[in-house]
Amino acid sequence: QVQLVESGGGLVQPGESLRLSCAASGGIFSRSVMGWYRQAPGKQRELVATITNSGLTNYGDSVKGRFTISRDNDKNMVILQMNSLKPEDAAVYYCHARMVVIPRLIYWGQGTQVTVSS
């Protein structure tokens, strides 16, 4: 059974940092592009960052230069380091896995809340 379990969300003040983790199980990690998406109230879910198995990364424009995505292929984990957080970064952050081999399934975690407020 595939599971993506996020952790690390919470409340921080503007300018502070937060680190999100996602643990993947079910045998898909090495065959997936891993990523983070977020959804704020009343807004569509948007890309935060993705990372391939070989380490190629892609970031949403609003987080470039502030967020860093990484993955530990031995521990089946993907990390999102978020620095210089802004109030507009507040959202539910979802771990995402997109398999690169057939059947090319997509999986989502349950989400973790990030609140940025003074």
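Because the structure is a prediction, the values reported are computed rather than measured.

Procedures and definitions
- Residues numbered from 1 in each chain as written.
- Predicted model: local features only at pLDDT ≥ 70, side-chain atom pairs only at ≥ 80, totals over all residues.
- Heavy atoms only, no water.
- Disulfide = S-S within 2.5 Å.
- Helix = DSSP H or I, 4+ residues; strand = E, 2+ residues; numbered from the N terminus.
- Buried < 20%, exposed > 50% of the residue type's maximum accessible area, 1.4 Å probe, protein only.
- Pairing = 2+ DSSP bridges.
- Polar contact = N/O pair within 3.5 Å; in protein donor to acceptor, adjacent residues only side chain to side chain.
- Contact = heavy atoms within 4.5 Å.
- Lys, Arg positive; Asp, Glu negative; His and termini not counted.
- Salt bridge = Lys/Arg side-chain N within 4 Å of Asp/Glu carboxyl O.
- Phe/Tyr/Trp six-rings, centres within 6.5 Å; stacked < 30°, edge-to-face > 60°.
- Lys NZ or Arg CZ within 6 Å of the ring centre and 35° of its normal.

Trainee: Run through the state of the cysteines, naming residues and quoting values.
Mentor: Considering all chains together, one arrives at one disulfide under this definition. The residue that forms a disulfide with Cys22 is Cys95, at a sulfur-sulfur distance of 2.1 Å. When the S-S torsion is -85°, as for the bridge of Cys22 with Cys95, the disulfide is left-handed. Of this pair, Cys22 sits in strand β3 (residues 18-25) while Cys95 is found in strand β9 (residues 91-99), placing the two residues 73 residues apart along the sequence. Taken as a pair, Cys22 and Cys95 share a single burial class, namely buried.

Trainee: Talk me through the pairing of β9; I want residue IDs and the actual numbers.
Mentor: With seven of nine residues buried, β9 is to be regarded as a mostly interior element. The pairing of β9 with strand β11 (residues 112-116) spans three bridges and is antiparallel. Bridging from a neighbouring strand, Val92 pairs with Gln113 of β11. Bridge analysis of β9 against strand β10 (residues 106-108) gives three bridges, and the strand direction is antiparallel. The residue bridging Arg98 from the neighbouring strand is Ile106, located in β10. In this antiparallel pair of consecutive strands, β9 and β10, the connection spans six residues, and Arg104 shows a positive phi of 55°.

Trainee: Any details on the side chain of Arg66? Residues and values, ideally.
Mentor: Position of Arg66 among the secondary structure elements: in the loop between β6 (57-59) and β7 (67-72). By relative accessible area, which is 10% here, Arg66 ends up buried. Engagement of the side chain of Arg66 in a polar contact is seen with the side chain of Asp89, the distance being 2.7 Å. Beyond its immediate chain neighbours, meaning those up to four positions away, Arg66 contacts Gln81, Met82, Asn83, Ser84, Leu85, Lys86 and Asp89.

Trainee: Got a sec to walk through the side chain of Glu6? Specific residues and values, please.
Mentor: With respect to the secondary-structure elements, Glu6 resides in strand β1 (residues 3-7). Although buried, Glu6 forms no salt bridge, and the nearest oppositely charged side chain, Arg45, lies 7.8 Å from it. A distance of 3.0 Å separates a polar side-chain atom of Glu6 from the backbone nitrogen of Gly111. Those residues in contact with Glu6 that lie beyond four places of it in its chain are Ser21, Cys22, Trp36, Tyr93, Tyr94, Cys95, Gly109, Gln110, Gly111 and Thr112.

Trainee: Explain the packing of aromatic side chains to me, using residue names and the numbers behind them.
Mentor: A complete count under the given rule lists two aromatic pairs for this structure. Ring plane angle 90° and centroid distance 6.4 Å describe the contact between Tyr94 and Trp108, whose orientation is recorded as edge-to-face. One end of the pair, Tyr94, is in strand β9; the other, Trp108, is in strand β10, and 14 residues separate them in sequence. Among the residues examined, Tyr94 registers a relative accessible area of 15% and is labelled buried. One aromatic cluster in this structure is built from Tyr37, Tyr94 and Trp108. Over the face of the ring belonging to Tyr94 we find Arg45, whose NZ or CZ atom lies 3.8 Å from the ring centre. Over the ring of Trp108 we find Arg45; its NZ or CZ atom is 4.5 Å from the centre of that ring.

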